[in-house]
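Chain and residue survey
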Number of protein chains: 2
Amino acid sequence: MANDDPDIRSTDPSRGAAPDSGPDLEARLVAAAVAIPAQVVQAKGHGHAGTAMALAPTAHVLWQHVLRHDPADPEWTGRDRVVLSAGHASLLLYTQLVLTGYDLELDELALSRTLGSRTPGHPELHHTPGVEMSTGPLGQGVASAVGLALAARRDEALHGAGAGLFDPTVWAIAGDGCLQEGVSGEASSLAGTLGLENLVLVWDDNRITIDGGTDLAFSEDVRARYRAYGWSVIDVDDATDLDALRSALEEARRRDGRPALVAVRTVIGAPSVLRGGTPAAHSGGFGADEVSAVKAALGFAPDAGLHDLLPDDVRATGLLARDRGAALHREWDAAEAAWRGARPDLAGRRDALVAGAAGADPAALADALATVAVDDGAATRTTSGAALAAAREVAGLWGGSADLSSSTNVAVVGRAVDRATPGGDFVHFGIREHAMTAMLSGVALHGLWRPYGSTYLAFSDYARPSIRLAALMGLPALYVYTHDSVAVGEDGPTHQPVEQTASLRTVPGLDVVRPADAREVVAVWRRVLATADGPTAFVLSRQALPDLGGGEASEVGTARGGYVLWRSGSGDELALVASGSEVHVALGVARRLADEGVAVRVVSMPCLEWFEQQPADYRAEVLPRGLRARVAIEAGSRQPWYRYAGLDGEVVGIDEFGESGSGPELLHLRGVDAGAVEAAARRVLG
Amino acid sequence: MANDDPDIRSTDPSRGAAPDSGPDLEARLVAAAVAIPAQVVQAKGHGHAGTAMALAPTAHVLWQHVLRHDPADPEWTGRDRVVLSAGHASLLLYTQLVLTGYDLELDELALSRTLGSRTPGHPELHHTPGVEMSTGPLGQGVASAVGLALAARRDEALHGAGAGLFDPTVWAIAGDGCLQEGVSGEASSLAGTLGLENLVLVWDDNRITIDGGTDLAFSEDVRARYRAYGWSVIDVDDATDLDALRSALEEARRRDGRPALVAVRTVIGAPSVLRGGTPAAHSGGFGADEVSAVKAALGFAPDAGLHDLLPDDVRATGLLARDRGAALHREWDAAEAAWRGARPDLAGRRDALVAGAAGADPAALADALATVAVDDGAATRTTSGAALAAAREVAGLWGGSADLSSSTNVAVVGRAVDRATPGGDFVHFGIREHAMTAMLSGVALHGLWRPYGSTYLAFSDYARPSIRLAALMGLPALYVYTHDSVAVGEDGPTHQPVEQTASLRTVPGLDVVRPADAREVVAVWRRVLATADGPTAFVLSRQALPDLGGGEASEVGTARGGYVLWRSGSGDELALVASGSEVHVALGVARRLADEGVAVRVVSMPCLEWFEQQPADYRAEVLPRGLRARVAIEAGSRQPWYRYAGLDGEVVGIDEFGESGSGPELLHLRGVDAGAVEAAARRVLG
């Protein structure tokens, strides 16, 4: 295939596809998909079977007939993406991965929820082939799928040349819980606005939650709500009707300018007579007798073991998905080769993004960041914005803001992403910090761009569940948080962060950087963009901060997370340790004390996580173990700083809310200024 | 008025009401309400005028004609409640408070956003008479208003005897930002399900956000979305049409089984020609010339000063609201007296709730909690549930769960709250941790009940913004968080909290309690329910924990936040400090070391906040300054514990995510078990 205008979409993934197996074999395959979760959970004594059973026919149709995937190559670029937002139904996913021939064995299902197995309680990224995202906290998968779809649309718009090579359908599977969570609503509203026609949300409409029927708390008209968002809505009234499911899913993935909600009316735990349709089907085994009854109802021997559920002919039928996948993959490879030949410019550009996904080229990055002014006494948010703009191209940065693009300094030159401009440069996430953050994870999962999003630090609280999940997945998302202390001033305590920096530092795998001046800002960006192994929260000042004059030592030291910025003599009598906007305060006090003959050092600590990763001897060099007169200073919660202050030191910080007033007034009122630092220093000197 | 069947609702608050002032005076009053924010913000140079201007006519109609309030008594029980969810428009609220004669002066508006003024940048509870809630973080006010409405409906259902004495209308005023935030969607969905007909949401439909037009990110059909939630929707096409506004607001407050959305189509910053209808009207002064033009357009002299905007006759017109309020109040007082006469049983019951709002009667509380078993080695979640049930009546507890009522052990005997059962005993919040938490604040603001809500600790992340706001307001909400460590086990890392306990401890004003056994659980509940000055997060184990045998010392010590649970000899060689499920581990290690002759103490620390409030000598008695061989143990982030471990001690904790496996396996794998504690103890002993 060599074609100047290749269009992979002419290959209907359904076409070469359906297991050529006859209705009986297919029916037995579906029955196995239903019975396996029931059997596994009963044998384990815990886990979630009900949804995995109810959605098994839907999943069967999706994985066997509709999905563009290749079980032999779970990382295939041309694949569709499936996000199981209802993560507790992990057995639904694992079962399909086994049945369609991924590198996952039936016996591994029996090990589900066992330490070290590849079938953990909830799906985990990088853990099981075919799992596209870690899910479990409800709603997250839906919102990240929106981000995935957004990134895919941009990929196709910028690189695809209309060929559809990079135009996967993104499928999210969600339950009522996912749709009750606000984050899914936020993201779904934006998906409608942006016309993400490559997104399909399969809704398990089972009318049951753990506490009882959804009428307890969820009587809204979900379909009408999604129509209000600008989605199309497709109903499947019988979740066991394979033809209806197939036509619904195929209709849903049609590119018609709108995302699609496929509402599948299911009965949780069906065909269990005792537990089906009740909250008791949500988790736990159904009981040996009831599972026997389920198996019997599905045409199995009541005492069938796990392998009995999947005799060779049925197994072979499922594995036809491999052939289908291989064919799709081959066709795609040919189309991709044609595209490369026809559009080497686009291929080159895209290849560069792929290559940069693990981190920007250090030399190019250094050149780009060298253009940023580092001695201008700007607010760190300002310099950060300049660094972002400078590094955007070489680091493949793409993102936006939750309606604060200017004041967080992330606005970039270019076009806004909208319905007609999927290749746009900037995403207006709306006032949706949570969905934004989940969507950044989706963009990172897509794999081409290094995503960023911005808001005020105080509102990082809205996004905690998505930040955590990004950290758990090791996704290199960048959170630009500005207005980083009570120095925010007049907007008052609701807008003044106090505990957020400390609180973000508790998240495993999240790096929290709070640079002290322009030079540290640039050094931080340089280190962050050089690798891509997890998320980073930038904590940046609203107010201007003086150049600390640290020069190259600052640049090197920042990358180590903490360093001696300045010292008088040995600096062995007193250590002032600070981050961000408090470092210059510490420096001023240190100079005054040095004039009195105190051997003082100022340690700038822009990133505690990085500092803790340094070798012990470096850490001891910065903060000698015997140096006990220590004052740590940060305009926020003291909690992280006792680690450095010790029992003989003091922490100058803020453990109460602010007030409405000017920034300097507030810092003084809350005891974080030169006077307070000096007083503490004199106390610890004794 | 003495009547066996009083019905205060027969008093139409509009009736005795409208300023009997003629259209001209009223028009001038409205013009003043528009001009004042423009003038104030221009003079200050910062602040938010645009929305306050655009909504001024709406607010005028509400406060002058529709609202049931008494400016002379902002705490009047019979008043309606207004929550300004769009808190940045604080001048809208402050202006109406001035114009209708609350204890707030025009000159105080000029001081807005000034330290110590009663007109902070965003409205703050307990700060300004007539402000019902602190707002600013978008969406929060909408969700808390739903909680307020829920509480009011229950009050009326249980106490009102159909008289409408306790049946206020709850008004929330929201902008597009509030409606984009997921928390408002969660709460609005539940409000529809529960048929909160006493709730009105006034939506400032201005089609503008900070970054630009709402079409950038918010093209959904909000009206259709709210209809899907089960709300009625009323449109006002011209935000300056006082008659249309009045009839819309009066229609909206009708009790028709549904909450109402009043969509007011506004032009932000109108009548400014330059800035009106643009993002530039959101914040900052409009410029001296433009404000002059605005004043001229409103019929004022272009150089009119603040007081010139409110000449005496106009001022007097506004103050007619006082007469209207006084009349409403008098009628209500009479009806209330009649109700007291007719229903002393209900009055007594309600009075008891009012009296108990500041804390439960200690003796009754002690009696109630004495029934809870404290030596049964139960999971702390189990004992906590028993304590909640035992104290429910004497402490006025009311709440529910985000779909985890059984596994968080908060299910109580009684009826679920639903549309037909507003007086119900238990709220099914649905899978909406964020809205639940915001709604608990609304219930607390209502003032009769001590609200509680439950979920798994890992999912407390979803509710951070509402937790923070409750802490800022000092609201006595109770958050019951169970499944408090990696010991959760098989559900895996998405369900295993690691950083949440530490992270909650950073929130100013929030008490975080993590009791170690049943006795500590009960002691914690006793202390928490005795006062009502802020929120408390209960951090409780899924797994059973042994009775520590602390007896009365445990009970007293728990209330102090930390205490010496056990010691060998002086206990001055080594201190093991722990909370919750790790205290028994520490105790086991201590006993082993004591057998070897080590003078060791075990400090149980169920609440760091309470411990830090103790006098220094008590703290030094528990943890002597000279005792440097210390090990702190908690199955979660180490961050809070360095404060106690010091530079010579160690912290045994978990700073990485868990895995899917059994609880004990996970604790061992992550290094929190007896072996790890003993090894650390031997290291610090040197």
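The name given to chain A in an unreviewed UniProt entry is transketolase, with Frigoribacterium faeni as the source organism. UniProt lists a comment for chain A under the heading Subunit (unreviewed entry), and it reads "Homodimer." The UniProt entry for chain A carries the following text under Function (unreviewed entry): "Catalyzes the transfer of a two-carbon ketol group from a ketose donor to an aldose acceptor, via a covalent intermediate with the cofactor thiamine pyrophosphate."

1. Observations regarding the UniProt feature "domain: Transketolase-like pyrimidine-binding" (unreviewed entry) in chain A
The UniProt record marks residues 378-547 of chain A with the feature "domain: Transketolase-like pyrimidine-binding" (unreviewed entry), using the residue numbering of this structure. For residues 378-547 of chain A, the end-to-end C-alpha separation is 8 Å, with 35% helix and 16% strand making up the annotated structure.

2. Structural notes on the relation of the copies chain A and chain B
What relates the pair of chain copies is a rotation about an axis plus a shift along that axis. Expressed as a screw operation, the relation of chain A to chain B combines 0.0 Å of axial shift with a rotation of 180°, fitting to an RMSD of 0.0 Å. Expressed as an axis order, the relation between the two copies is that of a two-fold axis. Rotation axis and chain A: the residue whose C-alpha lies nearest the axis is A:Gly182, separated from it by 1.8 Å. Of the residues that chain A buries at the interface, 100% are likewise interface residues in chain B, meaning the two copies contact each other through the same surface.

3. Focus: unusual backbone geometry
Cis rather than trans, the peptide bond between A:Ala270 and A:Pro271 has omega equal to 10°. In this fold, A:Pro271 is placed in the loop between β7 (260-265) and α11 (288-297). Phi at B:His126 is positive, roughly 65°, even though this residue is not glycine. Within the secondary structure, B:His126 sits in the loop between α5 (106-110) and α6 (140-159). Within the chain, B:Asn409 stands out as a residue other than glycine whose phi angle is a positive 60°. You can see B:Asn409 is positioned in the loop between β8 (397-401) and β9 (426-428). Residue classification places B:Asn409 among the partly exposed residues on the basis of a relative accessible area of 22%.

4. Regarding the domain arrangement of chain A
Partitioning chain A into domains gives domain 1 (23-327), domain 2 (362-545) and domain 3 (558-685). Placing a centre on the C-alpha atoms of domain 1 of chain A and another on those of domain 3 of chain A gives a separation of 52 Å.

5. Thoughts on the pattern of salt bridges
By the definition in use, this model includes 80 salt bridges over all chains. Residues B:Asp167 and B:Arg255 are paired through a salt bridge, measuring 3.3 Å at the closest nitrogen-oxygen approach. Here the residue B:Asp167 occupies a position in the loop between α6 and β2 (170-174), and B:Arg255 occupies one in the loop between α10 (242-252) and β7 (260-265), the gap between them amounting to 88 residues. Exposure remark for B:Asp167: the relative accessible area of 11% places this residue in the buried category. Exposure remark for B:Arg255: the relative accessible area of 28% places this residue in the partly exposed category. A salt bridge links B:Arg670 to B:Glu659; the nearest nitrogen and oxygen atoms lie 3.3 Å apart. Highlighted residues: B:Arg670 in the loop between α25 (663-669) and α26 (674-685) and B:Glu659 in the loop between β18 (650-652) and α25, separated in sequence by 11 residues. By relative accessible area, B:Arg670 is classed as buried at 12%. Via salt bridges that share partners, A:Arg625, A:Arg628, A:Asp648, B:Arg625, B:Arg628 and B:Asp648 belong to a single interconnected network.

6. A closer look at a negative patch on the surface
Together, A:Asp237, A:Asp238, A:Asp241 and A:Asp243 make up a negatively charged patch on the protein surface. Looking at the element boundaries, A:Asp237 is found in the loop between β6 (232-236) and α10 (242-252).

7. Concerning the pairing of β7(B)
All names here are of chain B. Summarising burial for β7: 5 of the 6 residues are buried, a large majority. Note: strand β3 (residues 199-205) against β7, 6 bridges, orientation parallel. What sits directly across from Leu201, in β7, is Leu261. Relative to β7, strand β6 (residues 232-236) is paired through 5 bridges, and the arrangement is parallel. Bridging across to β7, Asp235 finds its partner in Ala263. For the crossover from β6 across α10 to β7, the handedness is right-handed.

Cut-offs applied
- Residues numbered from 1 in each chain as written.
- Chains lettered and ligands numbered in written order.
- Predicted model: local features only at pLDDT ≥ 70, side-chain atom pairs only at ≥ 80, totals over all residues.
- Heavy atoms only, no water.
- UniProt positions renumbered as here; feature names shortened; annotations may be inferred.
- Helix = DSSP H or I, 4+ residues; strand = E, 2+ residues; numbered from the N terminus.
- Least-squares fit on C-alpha atoms with pLDDT ≥ 70 in both.
- Contact = heavy atoms within 4.5 Å.
- Buried < 20%, exposed > 50% of the residue type's maximum accessible area, 1.4 Å probe, protein only.
- Domains from an automatic or database assignment.
- Salt bridge = Lys/Arg side-chain N within 4 Å of Asp/Glu carboxyl O.
- Patch = residues over 30% accessible without salt bridge, like charges linked within 9 Å, V, L, I, M, F, W, Y side chains within 5 Å.
- Areas by Shrake-Rupley, 256 points an atom, 1.4 Å probe, with all protein chains shown as cover.
- Lys, Arg positive; Asp, Glu negative; His and termini not counted.
- Charge placed at Lys NZ, Arg CZ, Asp CG, Glu CD.
- Pairing = 2+ DSSP bridges.
- Right-handed = clockwise from strand over helix to strand, strands pointing away.

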